[in-house]
Amino acid sequence: MNKIRTLGFLAITALVTAGLGGCAGGPPTGSIPIDIGESFEAQTPWAIDVQNHRGSVFLTVNPDATGPSVIALDRTGSVSTPDVRWTAASAAMDNDRPVLRVLSTPQDSDDQTWVELRIVVPSCGGVRVVNDGGAVTLRGVSGAIEVQNSLTANEGEAIRVETAQTLSAPVLLQSERGSIQLRMGHTSMGHLTVSAPNGRVTVDGAYAKVRQVQAQRGAWSGVINGGENDLRINAQNGDVIVRVGLGEFETP
């Protein structure tokens, strides 16, 4: 599993302490039912917490969706025993905000099942993803963002975040292996700190006001649009690309 240590500064992290007791679950194939309480009402943006033992995560914000949906696919490449892997999802109100929790975990230490999670939500007020093995892709997200991931090999993209939304809350993207790409709306802001000790760093701030820049091989820091929130990106073995303003691609 991913051994990256979280910095624990995101507000969304506090949501993780609640368990998935009583939630709906099943083997890693097909649509996963989401357990929703009778008194549940989602009137504010969703907070999303995802933990995937081994596989990949694709999260998309679709305003036209009537509610959250979760699909888990077995991408191991062979027929797996249905009872080996447990995938579950629940939705509940937490401090007057709707929270979607998705968990895919093995039932024994020898499980090598590769599970691809495909998640769609109608809104996003913060997201946390802990994954190991494959890529994590987030599209259209907003709010506080924390992603911890590590690929099984050094090459490839471990984390991709693409959003036209304004990111003004803390962001933490960490990968032991694999590259990281962050593309955010041109009005996004924050104190950006990038570290890629064994890779290259590219920051494109042509669509923003960038100040206090310090750049050297494998590292970059600067203030985007006068923001004070932390934007931290760390790729231990991979490249980092950051673009403020998606330009012609500013639609996710």
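The model shown is predicted, which means the values in this text are computed figures rather than measured ones.

In globular proteins that are soluble, nonpolar side chains generally tend to be buried together. Counting residues in hydrophobic clusters, the biggest one holds 48 residues, and the most contacted among them are Leu-100, Val-127, Leu-138, Val-141, Ile-145, Leu-173 and Ile-233. Tallying contributions element by element places strand β4 (residues 47-61) first for this core, with 5 residues.

Let us look at unusual backbone geometry. Most peptide bonds adopt trans geometry, and most residues besides glycine take a negative phi value. Even without glycine at this site, Asp-96 takes up a positive phi of about 65 degrees. In this fold, Asp-96 is placed in the loop between β6 (85-94) and β7 (97-106). Residue Asn-225 is not a glycine yet carries a positive backbone phi of 50 degrees. In this fold, Asn-225 is placed in the loop between β17 (219-224) and β18 (230-235). On the accessibility criterion, Asn-225 (24% relative accessible area) is partly exposed.

Attention now moves to the confidence of the model for the chain. In low-pLDDT segments, the atomic positions of the prediction should not be examined closely. Chain-level pLDDT for the chain is 83 on average; 77% of the residues reach the 70-or-more range. pLDDT under 50 marks residues 1-24. Its contacts with residues more than four places away, or in other chains, come to 67 contacts. Low confidence marks residues 79-84, where pLDDT is under 50. Its contacts with residues over four positions away, or in another chain, come to 9 contacts.

Our next topic: the pairing of strand β16 (residues 210-216). Within β16, only 0 of the 7 residues are buried, which leaves it mostly out in the open. In terms of strand pairing, β16 meets β17 through 5 bridges, oriented antiparallel. The partner of Ala-215 across the bridge, within β17, is Trp-220.

About the cut-offs
Residues numbered from 1 in each chain as written. Predicted model: local features only at pLDDT ≥ 70, side-chain atom pairs only at ≥ 80, totals over all residues. Heavy atoms only, no water. Core = buried A, V, L, I, M, F, W, Y, C linked by side-chain atoms within 4.5 Å. Buried < 20%, exposed > 50% of the residue type's maximum accessible area, 1.4 Å probe, protein only. Helix = DSSP H or I, 4+ residues; strand = E, 2+ residues; numbered from the N terminus. pLDDT = per-residue confidence, 0-100. Contact = heavy atoms within 4.5 Å. Pairing = 2+ DSSP bridges.

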